[in-house]
Amino acid sequence: MDRSGIAGNFPIRLRRLVSVGALVLAVGASVTGCGTSSPSKASHAAAMAPVPAVSLASASAASAAAESSASAAAVESSAAAAAAASSASAAKAAQASASKVQAAVSQAAVRKAVAAASKAAAAAAQKAAADQAAAQAAADRAAAAQRSAEASRAAASPTPTPTPAASSDCTPGYSPCIAPGSDVDCAGGSGNGPRYVEGPVTVTGPDIYDLDRDGNGVGCQ
């Protein structure tokens, strides 16, 4: 197999790598006294020497391994980027879910507060109505008690006998009417007249004829 043909099939970078390796080998040989030429000539000769097939195969394998490592690193980097994107998306979704939960909790709290306020208002209204009814009942009882008291006082106090209107034909303060004139005594009594009246006679004013001697308001009993 033509070595120059093998070398021509590799990338330029690989051929440079092989040349540098050969140069290093040549320098090492000159240091250990393996050659008789000067170092510069030996290096040039080593650089210009044909590359063995084994060295080319090893370099090709190393290059393939490097490319494989680079590909693996690229795949790993892509996987990491995808995982990071997935994590970011999951975090965003979790944040959105948390916002929804918080909004739902807030709405539930508002509904609960409104329901509690409505219930408290209804209870207050019921209490106010009950208090008003109790006040009205108390007022009715007080009015009934007042009427009862007035009725009791009216029953306990006798109705006063109306005093007849005085006239020129009656002496004021007596009922029935006694005509004005000289002294009047009770008929059947010890008085000496000259006029007499049948009793009983209600004394409603001055007792000028002294008919009510015991002072109980009734004369000639």
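Residues numbered from 1 in each chain as written. Predicted model: local features only at pLDDT ≥ 70, side-chain atom pairs only at ≥ 80, totals over all residues. Heavy atoms only, no water.

*Asks:* Mind showing me how you'd approach the state of the cysteines here?
*Replies:* Working definition: the covalent bond between the sulfur atoms of two cysteines is a disulfide. Evaluation of the coordinates by the stated rule reveals two disulfides. Across the disulfide from C170 sits C177; the S-S distance is 1.7 Å. One quick way to see it: the torsion about the S-S bond of C170 and C177 is about -115°, and its sign makes the bridge left-handed. Each sulfur of the disulfide joining C186 and C220 lies 1.7 Å from the other. A torsion of -85° about the S-S bond marks the disulfide between C186 and C220 as left-handed. Taken as a pair, C186 in strand β2 (residues 184-186) and C220 in the segment after β5 (218-219) lie far apart in primary sequence, 34 residues in all. Classification of C186 as buried rests on a relative accessible area of 19%. Cysteine pairing for the protein chain (bonded cysteines numbered in sequence order): 1-2, 3-4. (Disulfide = S-S within 2.5 Å. Helix = DSSP H or I, 4+ residues; strand = E, 2+ residues; numbered from the N terminus. Buried < 20%, exposed > 50% of the residue type's maximum accessible area, 1.4 Å probe, protein only.)

*Asks:* Explain the confidence of the model for the protein chain here, please?
*Replies:* Predicted coordinates in regions of low pLDDT should not be interpreted in detail. The pLDDT averaged across the protein chain works out to 77; a share of 69% of its residues lies at or above 70. The element-level mean pLDDT for the protein chain is lowest in helix α1 (residues 3-8), coming to 48, with strand β4 (residues 201-203) highest at 93. Every residue in residues 34-39 is under pLDDT 50, and counting partners more than four places away or in other chains gives three contacts. (pLDDT = per-residue confidence, 0-100. Contact = heavy atoms within 4.5 Å.)

*Asks:* In this structure, what is going on with the pattern of salt bridges? I would like to understand it.
*Replies:* Close approach of charged atoms allows side chains of opposite charge to pair. For the structure shown, the criterion picks out two salt bridges. Among the salt bridges present, the one from K127 reaches D131, with a minimum N-O distance of 3.2 Å. Highlighted residues: K127 and D131, both in helix α4 (residues 53-156), separated by four residues, approximately one helical turn. What makes K127 exposed here is its relative accessible area of 53%. Here D210 ties to R213 by a salt bridge, and the two come within 3.7 Å at their closest N and O atoms. For R213, a relative accessible area of 63% puts it in the exposed group. (Salt bridge = Lys/Arg side-chain N within 4 Å of Asp/Glu carboxyl O.)

*Asks:* Just checking my understanding: could you explain the nonpolar core for this structure?
*Replies:* As a rule of thumb, soluble globular proteins bury nonpolar side chains together. Formed by Y174, I178, V184, C186, V197, V201, V203, Y209, L211 and C220, the largest nonpolar core amounts to ten residues. Contributions of two or more residues to this core are made by β2 and β4. Contacts of I178, omitting those with residues within four sequence positions, involve D169, C170, T171, V184, V197, V201, Y209 and L211. (Core = buried A, V, L, I, M, F, W, Y, C linked by side-chain atoms within 4.5 Å.)

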